[in-house]
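So you can see what is in the structure, the chains are spelled out below.
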Amino acid sequence: MNSKQGEMESPVSSQNWQRNLTAAIAIETWFRRGLALLASIPILITIAIIAIVLIESFLFFQEISLWQFLTDTQWTPSFRSNPQYGILVLASATFMVTAIAAVTAVPLGIMGAVYLAEYATPNIRRFLKPALEAISGIPTVVLGYFTLLVFTPFLKNIIPELETFNALSAGIIVGILITPTIASLSEDALRNVPDEFRDGAYALGFTKSETIIKILIPAAFPGIIASITLAISQALGETMIVAIAAGQNPNLTLNPLVAVETMTTFIIQVSLGTVESGSLLFHTIFTVGAILFLITLALNTFGNWLTRRSEKQIAGLLTPQAELSQQEAPAGTIAEEFEYTQALGERIKNTVVEQERWQQRFRFWRERGFRLLTLLAAFTGIIVLLVLFYDLAQRGLPQLDWQFLTSFASRKAEQSGILAALAGTLWLFLLAAILIVPVGIGAAIYLEEYYPDNWLNRVIEINIANLAAVPSIIYGLLGLQLFVHLLEPITKGNTILAAGLTVAAIALPTVIITSRSALREISESIRQGGAAVGMTKGQMLRYLVIPAALPRLITGVLLALSQAVGETAALLAVGAAASVRFIPELQSKYITLPVQIFHWLQSPSEEVRNNAAAATIVLLVLVLLLNVIAVFLRDFYRRLA
Amino acid sequence: MQTLSRQTQQDIILQCNDVSVYYDRQCAVKGINLEILRHEIVGLIGPSGCGKSSLLRCFNRLNDLVKGTKVTGWISLNGQNIYDPSVNPVELRKQVGMVFQRPNPFPKSIYDNIAVGLKVNGYRGDKDELVEYSLRQVGLWEEVKNRLKKNALTLSGGQQQRLCIARAIALQPDIILMDEPCSALDPISTARIEELIRELQKDYTLIVVTHNLKQASLISDRVAFFDFQGEQEEAGHLIEYDRSEIIFQRPSYRATQDYVTGRRMPLR
């Protein structure tokens, strides 16, 4: 070392250090209590959802017997005289749509996962995976538009007897929507299969497709089943696609070509009218919601449990087991055994015939065919996206001009615009951001950094994962009861404030989950370094952990906000207006872009529907922008680290 | 275990009295009595898992951060028991700095890596001056003075480790703890750090855990040898503590002799 460097006089004298640790600790204690309060919010939301649907269902069954509910074959709760409450009608429609979605999504998802995990080059994968995820990020009202205006007319060419509203086309597009869930989780499961299995199969002369079908998919099977379970729960709760494209016609049928009404559609349909709080109809939508909630909760719990179990199982596959051959050797002499083996060997040698030439060729073609199929499956979603974009450009772009952006909605389609909807969406974005940033990140900090890592914390974590998978329409019901009715003195009923609270509740679990994983990624060594220079826990968080996790925290918030901006079903449930001709205020009626699109789609007029296309372009640009910023931030951070 | 009776009381900066460390119920190191003198460099050596690092982390109470850790006995720093309820470990850590096995600069600028420690400890003097002084002390100033605002992660491993040392000495601690400070570094960086440790002795007391016996003999005034007693024993004990040349040339115990002459594999 250069000795000159050491000669500088020490600038420190002891009175230079004045630390008020007592005050700092007092502030931190209060800060910590505040965070604990924030962390209790997701738990309160869970309790509120359960309490509301339980109480309302209880009131419902005071008036309608369970027997009637389960065995009636008609669903006419809005009839004045002799209403019928046969849940079978709605349930059968829901299950039919879900079954069609599953039949579409399971092969597409698994084959797509095979392509991603086994065939795709890293470059293709880098492009394909975000593109697949983009499909699940598209507001479902847009997919509803696509189903009604593009896909159903297309299917009609093939099946002329198809009705305009039908379960088949809605089911197929719901299937496209849930395919990424299956593809992404199944890909994880396939990648988790140890390479030893692949090596073993190739060493026996398996082709790639034989390896995949006979070895890899069976090994990854529990993980694949889990992905299907989670996707099906998503399909059951899907609202906008079915409400727009499957019809609103309660109809006990298994014919997929006609209009039906699912459970989610029923809730939307009732919410669009005015329902008196406390009426039987009001109890009814909550009872239907309760059933939906219970089914999706059960499926999610099962799916998450299966995922965890299969991960453990695969990890344990390579652990050698103790040999079990400590038993008695079978009776018989060694000579007998030897003779038998000899004879067996002769027989086998004589049966092995050389493989015919055509068999080899068949194997070769099957190989190529399989590869092509997986490729097609992986790109189906992207093809759908491209068709959607093309159609939007055809219909919507001509309508899209400055006047469209700056005018209020009008009866005259050519003068109509989206100003009120844009303002409403902006309001919603701001409200959701103001609510979820402190609550989501605060709760994540408390649960990850302060709350002990015990069984209760794990229960809370599972609970939040379940909350993230609850269909948004259930949050709509929560918002309707809690924010619109119970908190009316504050929110003034179905106002933008109530809507903001509702979408914040929807986005909150996602923010907590992504924030927790962002905090978890900050290494222990940095925290220890902070402690070693005399930082308190709070200073460690403030100066080291949160700044380092910030880009990923922001990414999580932006993705959640793009989800909030595209939310439709819950807003219809909490009473977004059908038409607003002023800039909304905090406690006024409001409309947002997706709600505007939904209402315009209800119109039979071609021009109004073209306006819906133009509004959809604006909505997609907004959502895309949020996603691009989020991805950009994440990559920027990766390069830095 | 011998005490250093010929030294007067005020020269002892750190004293361990029957210190044991438990993780959950498992004992990591047991019954340690040790006295460390001001301005000395003490090397802690011994096979892996015998509790050297566990003991080291008692001196700045970093063990407090690990759930389920229990420390018995007492440790006094300048005559004050650091495990006394009135002592806040956060304040203790200003007096006892620490450098870790892997360089762990904060993901911040080079300047902020040092300044943030000054800030949390309420330094009222001229921060720029103290940052420069600390960087000069570790011989890093000339290398980084033109890029103080650059992220510290852009430095090489050896530079990062010297930055971590600068970060520790900027707080003017009494003692600096080092937990295998060179194990993640190349030989040239290692030599620079070893040289630096000897320079720092003028101002600080240093306690260095190392697996490198040559390093231990090169830098230490005194060496403490830790080992398991017996085959079944899980916890480490202090076998021998004496001047460096005695430990390496004529130790009193067979176990020490075997270890320092390499007759036993010093794991890793």
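Predicted model only: the values in this text are computed from it and were never measured.

Rules used throughout
- Residues numbered from 1 in each chain as written.
- Chains lettered and ligands numbered in written order.
- Predicted model: local features only at pLDDT ≥ 70, side-chain atom pairs only at ≥ 80, totals over all residues.
- Heavy atoms only, no water.
- Helix = DSSP H or I, 4+ residues; strand = E, 2+ residues; numbered from the N terminus.
- Buried < 20%, exposed > 50% of the residue type's maximum accessible area, 1.4 Å probe, protein only.
- Contact = heavy atoms within 4.5 Å.
- Salt bridge = Lys/Arg side-chain N within 4 Å of Asp/Glu carboxyl O.
- Axes fitted to C-alpha atoms, helices over the stretch in contact; angles between N-to-C directions.
- Parallel < 35°, antiparallel > 145°, perpendicular 65-115°, else oblique.
- Nonpolar A, V, L, I, M, F, W, Y, C, P; charged D, E, K, R; others polar.
- Buried area = accessible area lost by both parts, 1.4 Å probe.
- Polar contact = N/O pair within 3.5 Å; in protein donor to acceptor, adjacent residues only side chain to side chain.
- Expected span 1.5 Å × (residues − 1).
- Patch = residues over 30% accessible without salt bridge, like charges linked within 9 Å, V, L, I, M, F, W, Y side chains within 5 Å.
- Areas by Shrake-Rupley, 256 points an atom, 1.4 Å probe, with all protein chains shown as cover.
- Core = buried A, V, L, I, M, F, W, Y, C linked by side-chain atoms within 4.5 Å.
- Domains from an automatic or database assignment.

**Describing the overall build of chain A**
1) Next: The helix and strand inventory of chain A stands at 25 helices and 0 strands.
2) Next: A principal-axis box enclosing the C-alpha atoms of chain A has dimensions of 95 × 95 × 55 Å.
3) Next: Out of the 641 residues belonging to chain A, those deemed buried represent 51%.
4) Next: A sequence separation of at least 24 residues applies to 77% of the contacts in chain A between residues at least 6 apart.

**Looking at the pattern of salt bridges**
1) Next: Per the stated rule, a full pass over the model turns up 26 salt bridges over all chains.
2) Next: Where Arg125(A) meets Glu187(A), a salt bridge forms, and the shortest distance between an N and an O atom there is 2.7 Å. Here Arg125(A), found in helix α4 (residues 122-137), pairs with Glu187(A), found in helix α6 (residues 167-192); they are 62 residues apart in sequence, far enough to count as distant.
3) Next: Note on Glu187(A): relative accessible area 0%, which makes it buried.
4) Next: Close ionic contact of Glu143(B) with Arg192(B) constitutes a salt bridge, the shortest N to O distance being 3.4 Å. Taken together, the residues span a long stretch of sequence, with Glu143(B) in helix α5 (residues 141-144) and Arg192(B) in helix α7 (residues 187-200) at a distance of 49 residues.
5) Next: Relative accessible area serves as the criterion here: at 31%, Glu143(B) is assigned to the partly exposed category.
6) Next: In this structure Arg192(B) comes out as partly exposed when scored by relative accessible area, which is 31%.

**Let's talk about the packing of helix α16 (residues 419-450) of chain A against helix α24 (residues 593-601) of chain A**
Residue and element names in this part refer to chain A.
1) Next: Where α16 contacts α24, the two axes come as close as 7 Å, and the packing angle between them is 140°. The orientation of α16 with respect to α24, classified from their angle, is oblique. Between α16, through Ala-421, Leu-422 and Thr-425, and α24, the contact on the second element is made entirely by Leu-593, Pro-594 and Gln-596.
2) Next: Taken together, the residues of the contact of α16 with α24 break down into 4 nonpolar, 2 polar and no charged.

**Here's the deal with the interface of chain B and chain A**
1) Next: Contact residues are listed per partner, giving 45 residues for chain B and 31 residues for chain A.
2) Next: For the pair chain B and chain A, the summed buried area comes to about 3500 Å², and 65% of that belongs to carbon and sulfur atoms.
3) Next: Linking chain B with chain A are 0 salt bridges, by the criterion used here.
4) Next: At the boundary of chain B with chain A, the tally comes to 8 residue pairs in polar contact (both at pLDDT 80 or more).

**A closer look at helix α9 (residues 221-237) of chain A**
Residue and element names in this part refer to chain A.
1) Next: Taking 1.5 Å of rise per residue, the 17 residues of α9 would be expected to cover 24 Å, and the 25 Å separating its terminal C-alpha atoms lies within 8% of that figure.
2) Next: Within α9, 12 of the 17 residues are buried, which leaves it mostly tucked inside the rest of the structure.
3) Next: For α9, every residue scored as buried is listed here: Gly-223, Ile-224, Ala-226, Ser-227, Ile-228, Thr-229, Leu-230, Ala-231, Ser-233, Ala-235, Leu-236 and Gly-237.

**Points about a nonpolar patch on the surface**
Residue and element names in this part refer to chain A.
1) Next: On the surface, a cluster of nonpolar side chains totalling about 290 Å² of accessible area is made up of Ile-55, Phe-58 and Leu-59.
2) Next: Positionally, Phe-58 belongs in helix α1 (residues 21-63).
3) Next: On the basis of relative accessibility, which here comes to 51%, the residue Phe-58 falls in the exposed class.

**Observations concerning the environment of Arg198(B)**
All names here are of chain B.
1) Next: Counting through the fold element by element, Arg-198 comes out in helix α7.
2) Next: Sequence separation between Arg-198 and Asp-221 is 23 residues; the distance between their C-alpha atoms is 9.9 Å.
3) Next: In this structure Arg-198 touches Ile-41, Leu-218 and Ile-219, once residues within four positions along its chain are discounted.

**Remarks on the nonpolar core**
Soluble, globular proteins show a tendency: their nonpolar side chains are buried together.
1) Next: In this structure, Trp75(A), Tyr475(A) and Leu571(A) are the most contacted members of the largest nonpolar core, which totals 184 residues.
2) Next: Element by element, the count of residues in this core is highest for helix α3 (residues 87-119) of chain A, at 18 residues.
3) Next: If we ignore the near neighbours within four places in the chain, the residues touching Leu571(A) are Leu428(A), Ala499(A), Val503(A), Ala576(A), Tyr590(A), Thr592(A) and Val595(A).
4) Next: Counting residues in hydrophobic clusters, the runner-up holds 83 residues, among them Ile114(B), Ala115(B), Ala166(B) and Leu200(B).

**A look at the domain arrangement of chain A**
All names here are of chain A.
1) Next: Split by domain assignment, chain A resolves into domain 1 (30-55 + 400-641) and domain 2 (64-315 + 364-392).
2) Next: Every contact between the two is made by 34 residues of domain 1 and, on the other side, 34 residues of domain 2.
3) Next: Together, the buried faces of domain 1 and domain 2 total about 2900 Å²; carbon and sulfur atoms form 79% of this surface.
4) Next: Taken together, domain 1 and domain 2 are joined by 0 salt bridges.
5) Next: On inspection of domain 1 and its partner domain 2, the count reaches 0 residue pairs in polar contact (both at pLDDT 80 or more).
6) Next: Broken down by secondary-structure element, the contributors of at least two residues to the side of domain 1 that touches domain 2 are α1, α17 (455-469), α18 (472-486), α23 (569-573), α24 and α25 (606-640).
7) Next: Ranked by residue count, the leading element in the side of domain 1 that touches domain 2 is α25, at 7 residues.

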